[in-house]
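# Secondary and tertiary structure notes
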Amino acid sequence: MAQILIANSLAHGFVVFLTAENNWSGDIRQAAVAADDAAAAALLEAAQAAEAGDQVIDPYLVEVTVNGAGPEPIEYREYIRAFGPGVPPPSRQNSS
Amino acid sequence: MYQYDEFDSRLVKERAEQFRRQVQRRLNGELTEDQFKPLRLMNGLYLQLHAYMLRVNVPYGVLSSRQMRKLADIARRYDRGYGHFTTRQNIQYNWIQLEQVPDLLNELADVEMHAIQSSGNCIRNVTSDQYAGVAADEIEDPRIWCEIIRQWSTLHPEFSYLPRKFKIAVTGSPNDRAAVQVHDIGLRMHRNAAGEPGFEVIVGGGQGRTPHIGKTIREWLEPEHLLSYLEAILRVYNLDGRRDNMFKARIKILVHQIGTDKFRQLVEAEWAAIRDSELQLPQAEIDRIAAHFAPRDYPQRNDAGDLLAEQASQNAAFGAWLKANVAEHKTPGYAIANISLKSLTAPPGDITAEQMDVAADLADEYSYGEIRVNHRQNLVLPDVAQEQLFELWEKLAANGLGTANIGHVSDIIACPGLDYCSLANARSIPIAQEINARFQEMDRVHEIGKVSINVSGCMNACGHHHVGNIGILGVDKKGKEFYQFTLGGSSGRDAALGERTGRGFPAAEAVDAVENILNTYVELRAADEDFLETYRRVGMQPFQEALYGTA
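Just so we're clear, the structure is a prediction, and the values are computed from it rather than from any experiment.

## Side note on the environment of A:A31
All names here are of chain A.
- Following the sequence through the fold, A31 ends up in the loop between β3 (24-25) and α1 (37-52).
- For A31 and A20, which are eleven residues apart along the polypeptide, the C-alpha to C-alpha distance reads 6.9 Å.
- When sequence neighbours within four positions are dropped, the list of residues in contact with A31 reads I4, F17 and L18.

## Concerning the sheet that holds strand β1 (residues 3-9) of chain A
All names here are of chain A.
- Ordered by their spatial adjacency, five strands build an open sheet running β3-β2-β1-β4-β5, and the pairing between neighbours is antiparallel. Strand pairing shows two members of the sheet lacking a second neighbour, β3 and β5 (70-73), which therefore form its edges.
- Two strands pair when backbone bridges link them, and strand β4 (residues 56-67) and β5 are joined in this way by four bridges, in the antiparallel orientation. From the neighbouring strand, N67 faces β5, where its bridge partner is G70.
- Running over the sheet, helix α2 (residues 76-83) touches β1, β2 (15-18), β4 and β5 and is turned about 130° from β5.

## What about the pattern of salt bridges?
Residues and elements named next belong to chain B.
- Scanning all chains against the criterion turns up 47 salt bridges over all chains.
- For D244, the salt bridge goes to R242, with nearest N and O atoms at 2.9 Å.
- Under the relative-accessibility criterion, D244 is labelled exposed at 58%.
- Where R296 meets E370, a salt bridge forms, and the shortest distance between an N and an O atom there is 2.8 Å. Taken together, the residues R296 in the loop between α9 (283-292) and α10 (305-314) and E370 in strand β14 (residues 370-373) connect sequence positions 74 residues apart.

## Overview of the packing of aromatic side chains
- The full count for this structure, using the stated rule, is 20 aromatic pairs over all chains.
- Seen from their ring centres, B:Y60 and B:F293 are 6.2 Å apart, and the 70° between their planes marks the pair as edge-to-face. Remark: B:F293 occurs in the loop between α9 and α10 and B:Y60 occurs in the loop between β2 (52-56) and β3 (62-64); sequence separation between them is 233 residues. The residues B:Y60 and B:F293 share a single accessibility class, namely buried.
- These aromatic residues form a ring-pair network of at least three members: B:F318, B:W321, B:F390 and B:W393.
- Here the guanidinium or amino end of B:R80 rests over the ring plane of A:F14, the centre of that ring lying 5.3 Å away.

## Quick notes on helix α7 (residues 251-258) of chain B
Residue and element names in this part refer to chain B.
- When α7 is considered as a whole, its buried residues turn out to be I251, K252, I253, L254 and V255.
- Elements that come into contact with the buried residues of α7 comprise β9 (197-203), β10 (215-221), α6 (226-240) and α8 (260-274).
- The positive-phi residue at the C-terminal boundary of α7 is G259, with phi of around 95°.

Thresholds, definitions, all that
Residues numbered from 1 in each chain as written. Chains lettered and ligands numbered in written order. Predicted model: local features only at pLDDT ≥ 70, side-chain atom pairs only at ≥ 80, totals over all residues. Heavy atoms only, no water. Helix = DSSP H or I, 4+ residues; strand = E, 2+ residues; numbered from the N terminus. Contact = heavy atoms within 4.5 Å. Pairing = 2+ DSSP bridges. Axes fitted to C-alpha atoms, helices over the stretch in contact; angles between N-to-C directions. Salt bridge = Lys/Arg side-chain N within 4 Å of Asp/Glu carboxyl O. Buried < 20%, exposed > 50% of the residue type's maximum accessible area, 1.4 Å probe, protein only. Phe/Tyr/Trp six-rings, centres within 6.5 Å; stacked < 30°, edge-to-face > 60°. Lys NZ or Arg CZ within 6 Å of the ring centre and 35° of its normal.

What follows is the structure, given as structure tokens:
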């Protein structure tokens, strides 16, 4: 399962994603997508270094699907974190 | 209203500067997040799903127009142009940046506001009746006692590390608009046999995952002993309240586990030792505080009932607002005007900076510059001349603040839910908005009549679902949002916890279920019965049949 790395920036608090260039972006489309567990572990290691360096808070990996629009978290909690309040999560939510 | 003295002002200013240094140390890397988190929480700063959230106290729900304008200014300059009024009469900002918080707190201090004790295991903002001082049924203005409690509880050294948070609510009326029976301590003023005003002391109420209606441990308390009695309760709780499990640490668990009689004995024993100490309130001190809340010198006005009836007959929308949103004032010729923050366009309790400014301007023009926040997430202009109600309503309506639904189906309490809150399991706001959209036809809203719908996005129950006539609890069921229903809850004088209907409904069916419940009520109600009265008469069964069928 593909994964991305999500956190909050320390100074602003806003949700940020770890990019392939080892920077942090508020745009999920810039997130580095780890295709396998080894790549995900590398993202987590980089993020924990950033946490220790007081750039971000509470970094963790999130499972995503990747489509033309970029990565989308599968869990609706993470979807809401990524896309903001008031954005309806995917339609499968609304069916029983 | 209360004005800060030199001590109050210095305290909030010094706290803002202290926090400035703590933030600086955090940003410099001198403090880790684990070290800093308790410090920021002591200043009301949470980290939520999307950003930091700052909870600012509105002491017992009273705001001056000057304070409201500052809240608007902060929403514009430090946030994204809006704020959210909560079920504890506070305001929350959702998009605050850590590095800006010290400046923000300093600006709040300029208008005698702060975020101290809006989080953490301490005594939180004391809440009260939004009609305090103007209610027709009031015995004494509860703000006097709220302010005395505020001063006693602010940075009280003995109670800065309680087993869990602690919430006190006060009503000065025998009727209860402050939900006092679901607070850690509820104080309800009434008269004893001799006709003297005093407090019924109710302890151990609360919602959350283990809801309880509070137990009366003293029928009548002389007001001069208020602080010593509160101190005795807090001492017993501080000593005996559980600290091994945060879910069992509230006072309601202690009262439930040892029993009301045992708890009362412990309090009375403690109280006997301290009741005649310096905590006994001298009349001069009560008078000093009371002077801040002295009744206004209202210009004499005649009752304008005939004029209002005529205006209502000519304008049905005004008539609906007058009926739903205007309450009786103790002074002839005056009225209490409720401003609904439950419109089709915004989440319950949300208000834009522009609307805050409008509310402040209208308070200056029509209500002596004072605004109240109620625990149902609405605003109140407490002192409006009846003959000015129509022009006030026109101005409210022109600014999206004229919704005529107080106490009705679309006046929904909702917590921020999973749209904002890191504790939530499901969203609350979309459910509230879908209900609002379903019931936007005002004739139908008024046809249904008085009913409270309360929505929480998790079992912590910030949306007060346990005491909604219709309570809705969002849960996560295998990665999907489901909504469980309770019926028959009430937070008033007849407080009751709602009863579960049965299995929950997926998000797409939740609003149908609400409609189903309301249709069942309308079919079954006797003349003039509101929802709660019908439910109490007919019980759960017809509603279960409507929701789940008879099979």
